[in-house]
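Coordinate analysis (summary)
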Amino acid sequence: MRVTRAAVVVVAALSFATGACGGGDSGPGVIEKAAETGTLAIGVIPDQPGLSLKTDGTYEGFDVEIGKIVARGLGVDPANIQWKDISLPDREQAIKEGVVDFVVAAYTINAARKKEIIFAGPYYVAGQDLLVRADSTISGPEDLEGKVVCSNAGSTSARRIRSQYPNTRLQQYDQDVRCLADLESGAVDAVSTDDVVLLGYSMRPENVGKFKLVGKTFSEEPYGIGLEKEDRAGCERINEILKAAARDGSYEAAWEATLGRGGRPAPTLEVSRMTHCRA
């Protein structure tokens, strides 16, 4: 078949337009997926009380509520969300392979991850902290020398303990709950991850009186919503949804219904920091 120059130009223009509005060569972005199917697959960590906890097939927590806010903003009823359990080390791969449309999972925005995916947000800025037994004398990271510290494998928290506090012994698991069991038994001296993750664990009824949050953060962990790297339109749209949630009170309501039950006031969503979609 003979192809004219005009036809080539038309095809090229259509290809450019398709790539610009969605996920490029990797398929439709979250905007298109939501509009076409009325569903979204959202990746969460299933064992983080206060953030995302799965109990009898039901998910609850601040990250879960943020996922619902984003879904509503994209026109998807939360009843039609497909929640996907993922582990910390698998988050980027799940996004790149299309297992999930986006991830809301205590997901720190950093340069290494931005080489592989794109981030909306941050929707919260956490800080690495320590959870210790109620009778512990550990009052901050300066007291960790010679101690055994447990953290989640593949997390920024584990890497920071290893690099900044080399005189500690680092125990790593793929689930935070295993660290909690070791802390209770005395096998480790502290659990280290982001403050809101530890807050969620300390709030659990079975943990009240056993552990205490040191409350001396030693990092800044901006939590983002991870998407496929080429889906800039979806990323920008999610930022607009988050900004609207800050204005209409739904962001604060999500906090109060979850982590706010521990007595910590709702944070201010710093919309000026939402600059990662085109970084």
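Residues numbered from 1 in each chain as written. Predicted model: local features only at pLDDT ≥ 70, side-chain atom pairs only at ≥ 80, totals over all residues. Heavy atoms only, no water.

The next subject is the packing of aromatic side chains. Considering all chains together, one arrives at ten aromatic pairs under this definition. Centre to centre, the rings of Tyr 107 and Phe 119 are 5.0 Å apart; their planes meet at 75°, and the pair counts as edge-to-face. A residue pair is termed long-range when its members are at least 10 positions apart, and Tyr 107 in the loop between β6 (102–103) and α5 (111–114) and Phe 119 in strand β7 (residues 117–126) qualify at twelve residues. By relative accessible area, Tyr 107 is classed as buried at 0%. On the basis of an interplanar angle of 55° and a centroid distance of 5.9 Å, the ring pair of Tyr 124 and Tyr 223 is categorised as tilted. Taken together, the residues span a long stretch of sequence, with Tyr 124 in strand β7 and Tyr 223 in strand β13 (residues 221–228) at a distance of 99 residues. Residues Tyr 124 and Tyr 223 agree in their burial class; the two are buried. (Phe/Tyr/Trp six-rings, centres within 6.5 Å; stacked < 30°, edge-to-face > 60°. Helix = DSSP H or I, 4+ residues; strand = E, 2+ residues; numbered from the N terminus. Buried < 20%, exposed > 50% of the residue type's maximum accessible area, 1.4 Å probe, protein only.)

Applying the stated criterion across every chain yields a total of two cavities of 30 Å³ or more. Computed from the structure, the largest cavity encloses a volume of approximately 100 Å³. Residue lining of the largest cavity: Gln 48, Leu 88, Arg 91, Ala 106, Thr 108, Arg 113, Ser 155, Thr 156, Ser 157, Thr 193, Asp 194 and Val 197, and that is the complete set. Taken together, the elements giving at least two residues each to the lining of the largest cavity come down to α6 (156–164) and β11 (190–194). (1 Å grid on protein atoms, 1.4 Å probe; cavity = no way out; pocket = protein on both sides within 12 Å on 5 of 7 lines; lining within 4 Å. Points joined across faces, edges and corners; volume = space filled by probe spheres on them.)

As enumerated under the stated definition, the model contains two disulfides in all. Covalent S-S linkage joins Cys 235 and Cys 277, the inter-sulfur distance amounting to 2.0 Å. Between Cys 235 and Cys 277, the S-S torsion sits near -85°, and that sign places the bridge as left-handed. Here Cys 277 lies in the segment after α10 (250–256) and Cys 235 lies in helix α9 (residues 232–248), a separation of 42 residues in the sequence. By the burial criterion, Cys 235 is buried, and Cys 277 matches it. (Disulfide = S-S within 2.5 Å.)

It is worth spelling out the sheet that holds strand β12 (residues 211–213) at this point. The strand order across the open sheet formed by five strands is β10-β9-β11-β8-β12, and the pairing between neighbours is mixed. Strands with a single pairing partner mark the edges of an open sheet, and in this sheet they are β10 (169–173) and β12. Taking the axes of each pair of neighbouring strands and ignoring which way they run, one obtains an average angle of 30° across the sheet. Bridge count for strand β9 (residues 148–152) against β10 is five bridges, and the pairing is parallel. Bridged to Asn 152 within β10 is Tyr 173. Of the strands in this sheet, β8 (128–133), β9, β10 and β11 touch α6, which is tilted by about 165° from β10. (Pairing = 2+ DSSP bridges. Axes fitted to C-alpha atoms, helices over the stretch in contact; angles between N-to-C directions. Contact = heavy atoms within 4.5 Å.)

Taken in spatial order, the three strands make up an open sheet running β2-β3-β4, and their pairing is antiparallel. Across the chains shown, the open sheet's two edge strands, defined by having one partner strand only, are β2 (47–48) and β4 (58–60). Taken together, the three bridges between strand β3 (residues 52–55) and β4 define a ladder with antiparallel strand orientation. Among the inter-strand pairings, Lys 54 is bridged to a residue of β4, identified as Tyr 59.

This part takes up the pairing of β8. Most of β8 sits out of view: five of its six residues are buried. Strand direction decides the pairing type here: β8 and β11, joined by four bridges, are antiparallel. What sits directly across from Asp 129, in β11, is Thr 193. Pairing of β8 with β12 involves three bridges; the strand directions are antiparallel. Residue pairing across strands places Leu 131 opposite Leu 213, the latter belonging to β12.

Bringing the nonpolar core into the picture now. Among the nonpolar cores identified, the biggest contains 55 residues, and Phe 62, Ile 66, Phe 102, Tyr 123 and Ile 225 are the most heavily contacted of them. Per-element accounting of this core gives the leading share, six residues, to helix α3 (residues 62–73). In this view, Phe 102 contacts Val 30, Leu 40, Ala 41, Ile 42, Gly 43, Gly 67, Val 70, Leu 74, Ile 225, Gly 226, Leu 227 and Ile 238; residues no more than four positions away in its chain are not counted. The next biggest cluster of nonpolar side chains, apart from the first, holds twelve residues, and it includes Ile 86, Ile 95, Val 103 and Ala 105. (Core = buried A, V, L, I, M, F, W, Y, C linked by side-chain atoms within 4.5 Å.)

Residue-level pLDDT values for the protein average 89, and 90% of them are 70 or greater. Within the model, pLDDT remains below 50 along residues 1–25, and this stretch shows 14 contacts once partners closer than five positions in the same chain are excluded. (pLDDT = per-residue confidence, 0-100.)

Okay, helix α8 (residues 195–203) next. Of all nine residues in α8, eight are buried, a share of seventy percent or more. Three or more residues of α8 are buried, namely Asp 195, Val 196, Val 197, Leu 198, Leu 199, Gly 200, Tyr 201 and Ser 202.

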